[in-house]
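Chain and residue survey
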Amino acid sequence: VKQYSSSPSSFVFPITNNDDDDEDEDDCSIPKYGLVPGEGDDATTKLVFLISDNTGTLAKNALQASLAQFESCDDRYQWDDNNDVVVLDKDGNVVNEYSNDKDENGKNSNKAVPKRCDVKTRMFTFIRSEEALASIIKVAKDKKAMIVFTLVDVDLREKALRMCELSNVKVVDLLGPTLLTMSNFLGKRPAGLPQSKFFKDRNNQQATRRVALSDSYYKRIEAVEFTLKADDGQSPWLLEEAEVIIVGVSRTGKTPLSVVLSQTQGLKVANIPLVLECPPPKELIDNPKINPKRVFCLSISPASLRQIRTTRLERRIVNVDMDDKYSLVDENSRAKSNYADRAYIMKDLKNVRDLAIKYDWTQIDVTGRAVEETASYICELLKERFEEDVL
């Protein structure tokens, strides 16, 4: 057994063999509980430990959604050494700034800076033994961290709650209340096994086989492969096979939205950039097999689009030519670009709106919206329009 690190700002969990794991799991790249969190935690930093018996995606998403309800506590807020802060949108662009600078009257020259809220998280995945839990909870107590866990095993979940209570560690059980209520509602006991773990046979014997990958898993993989082929106007002949078609001007988030829809919902998605100087592809507007109710046109406020495009131009300081050599961007050519020009953006957006009205596409305003939010909205519309096909 390895000893704890002597450094007060970092720690190492003891690594031992887990008797509960079957030998068949040796071929999986599942990390043990020897995770070493980063250094530099101070008294002003709030630590949250995320513990999962699987990948931890549920715990991570729940924490992010919760932190977004507290001003300056989520990762949109970026602080500097002077405690000035900028607020970023989903694409990493600055949408607001707060400064501690004083004017000549001794007052803040900008909006009042919100109270600093530093929250750091540590993810512990594939935790399936009491020993691993005890090690994490011990360090959580020393670090004064809060614990959020998703554990499906009833005994392990109860032990986690009991150990946190004895250690005076704040804890949130995300799955326990849900499983209890569903068990009472369905009149069945939950299996208490992680999704990637083994399952028991009909005779309730020792678990001997892995859970087979479901049809929905293979459907999502196929959808992602299709979406990558049909990204950014590629392979327009695939449009009639797409279950969703995303169109819009440049920098409205068509590709991220397409990936989220394909990966989470198993939908085959194609996206087409609409450019002011070029007509839409004939495969989109002249194909009677394409239902306009499956075409969604993304719109955005001119100010937000201009800010995004300006930021993109500023970041493109270096270009890679065909010979993989680096050359500085010509300032004169940059100045001539109308990509972020307000007048051009207004015409660009108007052109897209006119096309959406002409071809009866559904318009969606993505200004300030997270990609996941837009994806959920599209799924709801699809269920209303093609419920039998989607469900």
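Further up the page is the structure itself.
So, here's what we can say about the structure. (Residues numbered from 1 in each chain as written. Predicted model: local features only at pLDDT ≥ 70, side-chain atom pairs only at ≥ 80, totals over all residues. Heavy atoms only, no water.)

Description of the packing of aromatic side chains
- As enumerated under the stated definition, the model contains three aromatic pairs in all.
- For the pair Tyr-217 and Tyr-218, a centre-to-centre distance of 5.4 Å together with 80 degrees between the ring planes defines the contact as edge-to-face.
- Classification of Tyr-217 by relative accessible area gives partly exposed; the value is 32%.
- Look at Tyr-218 and you get partly exposed, because its relative accessible area is 48%.
- Their ring planes at 20 degrees and their centres at 5.4 Å tell us that Tyr-359 and Trp-361 sit as a pair that is stacked.
- Positioned over the ring face of Phe-386 is Arg-294, at 3.9 Å from the centre of the ring.
- In this arrangement the basic side chain of Arg-369 is found over the ring face of Tyr-377, its NZ or CZ atom lying 5.1 Å from the centre. (Phe/Tyr/Trp six-rings, centres within 6.5 Å; stacked < 30°, edge-to-face > 60°. Buried < 20%, exposed > 50% of the residue type's maximum accessible area, 1.4 Å probe, protein only. Lys NZ or Arg CZ within 6 Å of the ring centre and 35° of its normal.)

Focus on the packing of helix H8 (residues 302-315) against helix H10 (residues 342-359)
- At a minimum axis separation of 10 Å, H8 and H10 run at an interaxial angle of 120 degrees. When the axes of H8 and H10 are compared, the pair comes out oblique. Relative to H10, H8 is oriented so that their crossing is right-handed. Residues Pro-302, Leu-305, Arg-306 and Arg-309 of H8 form the contact with H10, whose participating residues are Arg-342, Tyr-344, Ile-345, Met-346, Asp-348 and Leu-349.
- Of the residues in the contact of H8 with H10, the class split is six nonpolar, no polar and four charged. (Axes fitted to C-alpha atoms, helices over the stretch in contact; angles between N-to-C directions. Helix = DSSP H or I, 4+ residues; strand = E, 2+ residues; numbered from the N terminus. Parallel < 35°, antiparallel > 145°, perpendicular 65-115°, else oblique. Left-handed = near helix turned anticlockwise from the far one by under 90°. Contact = heavy atoms within 4.5 Å. Nonpolar A, V, L, I, M, F, W, Y, C, P; charged D, E, K, R; others polar.)

Some points on the sheet that holds strand E7 (residues 171-173)
- As summarised here, the arrangement of the four strands in space is E5-E1-E6-E7, forming an open sheet in which the pairing is parallel. Each edge of the open sheet is held by one strand with a lone partner, namely strand E5 (118-124) and E7. Each neighbouring strand pair of the sheet contributes to a mean axis angle of 20 degrees, computed without reference to strand direction.
- Relative to E5, strand E1 (residues 45-52) runs parallel, the two sharing seven bridges. Each bridged residue has a counterpart across the sheet, and for Lys-46 the counterpart in E5 is Val-119.
- Helix-sheet contacts for helix H2 (residues 130-143) involve E1, E5 and strand E6 (146-150), and the interaxial angle to E1 is about 170 degrees. (Pairing = 2+ DSSP bridges.)

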